Amino acid sequence: MNILVLGAGGREHALAWQCAKDSKVQQVYVAPGNAGTALEPKCKNVVLKTTSETAGEHSAVIDFCQNNNIDMVIVGPEAPLVTGIVDACRDAGIKAWGPTAYCAQLEGSKTFAKEFMATNNIPTAAYEGFTDAALAKNYIDEQGAPIVIKADGLAAGKGVIVAETIEQAHAAIDDMLASNKFGEAGSRVVIEQFLSGEEASFICMIDGDNILPMATSQDHKRAFEGDMGPNTGGMGAYSPAPVVTDSVYEKTMAQVIQPVVDAMKSAGHPYTGFLYAGLMIDESGNPSVIEFNCRLGDPETQPILMRLQSSMVDLVAQGLAGNLPSQADWDDRVALGIVVASKGYPESSSKGDVISGLPALTTDINTAVKVFHAGTTFAKSNDSDSADDYTNNTNSEKEVVTDGGRVLCVTALANTISNAQQAALMVTGAISFEGAHYRRDIGHHAISREML
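Presented here is an overview of the structure given in this document.

### Quick notes on the side chain of Thr-428
Right, on to step 1. Mapped onto the elements, Thr-428 comes out in helix H14 (residues 417-430).
Right, on to step 2. Separated by 2.7 Å, the side chain of Thr-428 and the backbone oxygen of Ala-424 make a polar contact.
Right, on to step 3. Ignoring anything within four residues of it in the chain, the contact list for Thr-428 reads Ile-338, Val-340, Val-410 and Tyr-438.

And the structure:
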């Protein structure tokens, strides 16, 4: 069995690693992948055009699948989903796991998502959308702060500003609507009521009808310890999330997930693939949707898949066949991942910094710590600068270097959240590169509960 995983981050490394562990799998191709996926047994990186912003430009993926006997495609990032990679694969008779372009609007357009939630009575924050900076600022003045400003389109997880003051909110409007900081993604903004509570990530697999909830998790968006600083794509995560009690779980399924499935099916666009609901849970245990993502979260995927004991390949195959089970098998232990970021992240990133202290990769699920790569590649050799140095699996002697903002996710399994944090910190502390930084308090909400 041959599988193609699309994407280059830690989420895709975790997906490729899980798929490669299945004895039925002969080869996992990752496009474009990173240094970690290039070194994984049974994995091979390939360079394909997979993140085109123009719908219909997916021919490279289609050609590769047809020429390499690909049995299924698993789509990692949001951009190819929004531009219709799943639609293109299906039209070509290729099995692809993910939502169609119509359904992916839940992530691709904040306006679409908010209108969808309003129409289907899904709990979320009050909002208004704007393209005019002056009108947006007038609305902010009326509403007051704190307030949330979001770029309407895709902004790599960084197009959300939680403004504590009116001045910060006005500056965010200037950045998005006047200075074009996020390009086309920020040409329209959604301004939302600030919701208080504790966040959690609720991710499911959906086959159009059946829902398989995955293990709960909690992300840490802020760059600095104590949940301070600017929003990022995620500085760490852990699973399970104690804030998702049985009651919260039941409310989320009934008030959020099932309405999405029912509404999409009624619209003639059954939802298939992963669905991520970012939740804010208030003091009474009522969930509200902060955002929808149409794929697995990153870095939530890393701890979630560390705990997954069912075959990911089997689950995707069952989903593609329309017969997802209602539950999967999970390790009872806690998993916690710490993201190690490069110099300047999230405002900028550094490339080419040599990474030292990386432990050997392993496919053993019982191993306490696994380092998933994200923004990594190999140092170019003196005798060759070709892409082959990056894509083939003969790179064990090459230096691994940084190649983006979020570089690694050090993920640990342990019997308690405190022990998982300590195990991850121990390995993280041995890894170094210029400008490396990470949070040492990932999991602090759960640790506080553990100590009660």
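There's plenty left to go through after this.
### Some details on the pairing of strand S7 (residues 147-151)
Right, on to step 1. Taken across its 5 residues, S7 has 5 buried, putting it largely inside the fold.
Right, on to step 2. Covered by surrounding structure in S7 are Ile-147, Ile-149 and Ala-151 together with Val-148 and Lys-150, the residues of both alternating faces.
Right, on to step 3. In this sheet, strand S8 (residues 160-163) lies alongside S7 in antiparallel orientation, the contact comprising 4 bridges. Paired with Lys-150 across the bridge in S8 is Val-160.
Right, on to step 4. Two elements, S7 and strand S9 (residues 189-193), share 5 bridges in a ladder whose sense is antiparallel. Across the sheet, Lys-150 pairs through a bridge with Val-190, a residue of S9.

### Comments concerning helix H1 (residues 10-20)
Right, on to step 1. For H1, a buried count of 11 out of 11 residues is recorded, marking the element as mostly surrounded by other parts of the structure.
Right, on to step 2. Inspection of H1 places Gly-10, Arg-11, Glu-12, His-13, Ala-14, Leu-15, Ala-16, Trp-17, Gln-18, Cys-19 and Ala-20 among the buried residues, and these make up the whole buried set.

### Some thoughts on the nonpolar core
Right, on to step 1. Ranked by internal contacts, the top residues of the largest apolar core, which has 51 residues, are Leu-4, Val-73, Leu-106, Ile-257 and Phe-292.
Right, on to step 2. Not counting chain neighbours up to four residues away, the residues in contact with Val-73 comprise Leu-4, Leu-6, Cys-65, Ile-94, Lys-95, Ala-96 and Trp-97.
Right, on to step 3. Core analysis: the second largest hydrophobic core is formed by 37 residues, Val-5, Ile-203, Val-313 and Ala-335 among them.

### A word on the sheet that holds strand S18 (residues 334-341)
Right, on to step 1. The 5 strands are arranged S12-S15-S18-S23-S20 in an open sheet whose pairing can be described as antiparallel. Lying at the two open borders of the sheet, with one neighbouring strand each, are strand S12 (218-219) and strand S20 (369-373).
Right, on to step 2. Pairing between S20 and strand S23 (residues 406-414): 5 bridges, direction antiparallel. Bridging across to S23, Val-369 finds its partner in Ala-412.
Right, on to step 3. Across the face of the sheet, H14 comes into contact with strand S15 (236-239), S18, S20 and S23 while running at roughly 30° to S18.

### Focus on the packing of helix H8 (residues 133-143) against helix H9 (residues 166-178)
Right, on to step 1. Where H8 contacts H9, the axes come no closer than 10 Å and their chain directions differ by 160°. Our classification of the angle between H8 and H9 gives roughly antiparallel. Classified by chirality, the crossing of H9 by H8 is right-handed. For the pair H8 and H9, contact is made by Ala-133, Ala-136, Lys-137, Ile-140 and Asp-141 and by Ile-166, Ala-169, His-170, Ile-173, Asp-174 and Leu-177, respectively.

### Details of helix H12 (residues 312-320)
Right, on to step 1. The complete set of buried residues in H12 reads Met-312, Val-313, Leu-315, Val-316 and Gly-319. Projection of H12 onto a plane perpendicular to its axis shows the buried side chains occupying an angular sector of 165°, all on one side.
Right, on to step 2. The N-cap of H12, judged by a side-chain oxygen 3.3 Å from the amide nitrogen of Val-313 a few residues on, is Ser-311.

### Description of the pattern of salt bridges
Right, on to step 1. For the structure shown, the criterion picks out 17 salt bridges.
Right, on to step 2. Put simply, Lys-24 and Asp-22 hold a salt bridge, and the shortest N to O gap is 2.9 Å.
Right, on to step 3. With its nearest N and O atoms 2.8 Å apart, the salt bridge here joins Asp-441 to Arg-439. Taken as a pair, Asp-441 and Arg-439 share a single burial class, namely buried.
Right, on to step 4. Linked by salt bridges that have partners in common, Asp-22, Lys-24 and Asp-314 make up one network.

### Points about the packing of aromatic side chains
Right, on to step 1. Tallied over the full model, the rule gives 7 aromatic pairs.
Right, on to step 2. For the ring pair Tyr-102 and Phe-112, a centre distance of 5.9 Å and an interplane angle of 85° mean the geometry is edge-to-face. With Tyr-102 in the loop between strand S5 (96-97) and helix H6 (105-108) and Phe-112 in helix H7 (residues 110-119), the pair connects residues that are 10 residues apart, well separated along the chain.
Right, on to step 3. Through pairs of rings, three or more aromatic residues link up here, namely Tyr-102, Phe-112 and Phe-116.
Right, on to step 4. The positively charged end of Arg-440 is found above the aromatic ring belonging to Tyr-438, 4.5 Å away from the centroid.

What counts, and where the lines are drawn
Residues numbered from 1 in each chain as written. Predicted model: local features only at pLDDT ≥ 70, side-chain atom pairs only at ≥ 80, totals over all residues. Heavy atoms only, no water. Helix = DSSP H or I, 4+ residues; strand = E, 2+ residues; numbered from the N terminus. Polar contact = N/O pair within 3.5 Å; in protein donor to acceptor, adjacent residues only side chain to side chain. Contact = heavy atoms within 4.5 Å. Buried < 20%, exposed > 50% of the residue type's maximum accessible area, 1.4 Å probe, protein only. Pairing = 2+ DSSP bridges. Core = buried A, V, L, I, M, F, W, Y, C linked by side-chain atoms within 4.5 Å. Axes fitted to C-alpha atoms, helices over the stretch in contact; angles between N-to-C directions. Parallel < 35°, antiparallel > 145°, perpendicular 65-115°, else oblique. Left-handed = near helix turned anticlockwise from the far one by under 90°. Arc of directions from axis to C-beta. Salt bridge = Lys/Arg side-chain N within 4 Å of Asp/Glu carboxyl O. Phe/Tyr/Trp six-rings, centres within 6.5 Å; stacked < 30°, edge-to-face > 60°. Lys NZ or Arg CZ within 6 Å of the ring centre and 35° of its normal.

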